[in-house]
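# Structure at a glance
Here's the letter readout for the chains.
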Amino acid sequence: MMNLSLVGLIGAVIGTIIAAMVYVPLVTFVERGVRSRADGAAKGETLEQEISLLRRAVLAADIIVFAGIGYWLGGMLGD
C-alpha cells in the first residue's frame, strides 16, 4: 500500500497553485515562439488547432511538474 504524507500533499497543492500562476506567462511565451516560426502554409485553422493542443500539453506538464516538485519538497521539509 502506498503511504501519502500530509505535508507532501500540502506541498502538492501549493505546487499546483504555483503552476496555475506560471501557466499564463509560460503559454504566452511558447505560443509567441510557435507563431513566429509558423510559415505561410500553417496559417489559419491548422495553426489554431496546433496551438490549442499545445496549450493543453503545457497545462498538463505544468501541473505534473509543479505538483510533483511540491510533493517532494513538502515530504523533504516535513520529515
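Located above this text is the structure these notes cover.
Between the first and last C-alpha of helix H1 (residues 6-37) there are 45 Å, a value that for 32 residues agrees with the 46 Å anticipated at 1.5 Å per step. Within H1, the axis deviates most sharply at Tyr23, by approximately 40°, and proline Pro25 lies no more than four positions further along. Taken together, the buried positions of H1 are Gly8, Gly11, Ala12, Gly15, Ala19, Tyr23, Val27, Glu31 and Val34. Buried positions along H1 lie against helix H2 (45-78). The backbone nitrogen of Gly8 lies 3.1 Å from a side-chain oxygen of the residue at the head of H1, namely Ser5.

What follows concerns the packing of H1 against H2. Contact geometry of H1 with H2 gives a least axis separation of 6 Å together with a crossing angle of 150°. Relative to H2, the element H1 is oriented roughly antiparallel. Our pair here, H1 against H2, has a crossing hand that is right-handed. Class assignment of the residues belonging to the contact of H1 with H2 gives a composition of 20 nonpolar, eight polar and five charged.

For the rest of this paragraph, the subject is the side chain of Asp62. Locating Asp62 in the fold gives a position in helix H2. The side chain of Asp62 sits in the buried core without any salt bridge; Arg55 is the nearest counter-charge, 13 Å away. Not counting chain neighbours up to four residues away, the residues in contact with Asp62 comprise Ala19, Val22, Tyr23 and Leu26.

What follows covers the environment of Ile51. Considering the arrangement of structural elements, one finds Ile51 in helix H2. Separated by 21 residues in the primary sequence, Ile51 and Val30 have C-alpha atoms spaced 9.3 Å apart. The contact partners of Ile51, leaving out residues within four places of it in the chain, are Glu31, Val34 and Arg35.

For an α-helix, the turn length of 3.6 residues means that residues three or four places apart are oriented alike. Across its 34 residues, H2 extends 49 Å between first and last C-alpha, which sits within 8% of the 50 Å expected from 1.5 Å per residue. Looking only at H2, the buried set comprises Leu47, Ile51, Val58, Asp62, Ala67, Gly70, Gly74 and Gly75. Each element contacted by the buried residues of H2 is listed here: H1.

The next point concerns the pattern of salt bridges. Enumeration over the complete set of coordinates arrives at three salt bridges. In this structure, Glu31 engages Arg35 in a salt bridge whose closest nitrogen and oxygen atoms are separated by 3.1 Å. Of the two residues, Glu31 and Arg35 both sit in helix H1, four residues apart, roughly one turn of that helix. The exposure class assigned to Glu31 is buried, which follows from its relative accessible area of 15%. Classification of Arg35 by relative accessible area gives partly exposed; the value is 34%. Glu48 serves as the salt-bridge partner of Arg35, at 3.2 Å between the closest nitrogen and oxygen. Note that Arg35 is positioned in helix H1 and Glu48 in helix H2, a separation of 13 residues in sequence. Through salt bridges with shared partners, one network takes in Glu31, Arg35, Glu48 and Arg55.

Cut-off values and rules
- Residues numbered from 1 in each chain as written.
- Predicted model: local features only at pLDDT ≥ 70, side-chain atom pairs only at ≥ 80, totals over all residues.
- Heavy atoms only, no water.
- Helix = DSSP H or I, 4+ residues; strand = E, 2+ residues; numbered from the N terminus.
- Expected span 1.5 Å × (residues − 1).
- Bend = angle between axes of the 7 residues up to and from the residue.
- Buried < 20%, exposed > 50% of the residue type's maximum accessible area, 1.4 Å probe, protein only.
- Contact = heavy atoms within 4.5 Å.
- Polar contact = N/O pair within 3.5 Å; in protein donor to acceptor, adjacent residues only side chain to side chain.
- Axes fitted to C-alpha atoms, helices over the stretch in contact; angles between N-to-C directions.
- Parallel < 35°, antiparallel > 145°, perpendicular 65-115°, else oblique.
- Left-handed = near helix turned anticlockwise from the far one by under 90°.
- Nonpolar A, V, L, I, M, F, W, Y, C, P; charged D, E, K, R; others polar.
- Lys, Arg positive; Asp, Glu negative; His and termini not counted.
- Salt bridge = Lys/Arg side-chain N within 4 Å of Asp/Glu carboxyl O.

Any link to function would need more than the numbers given here.
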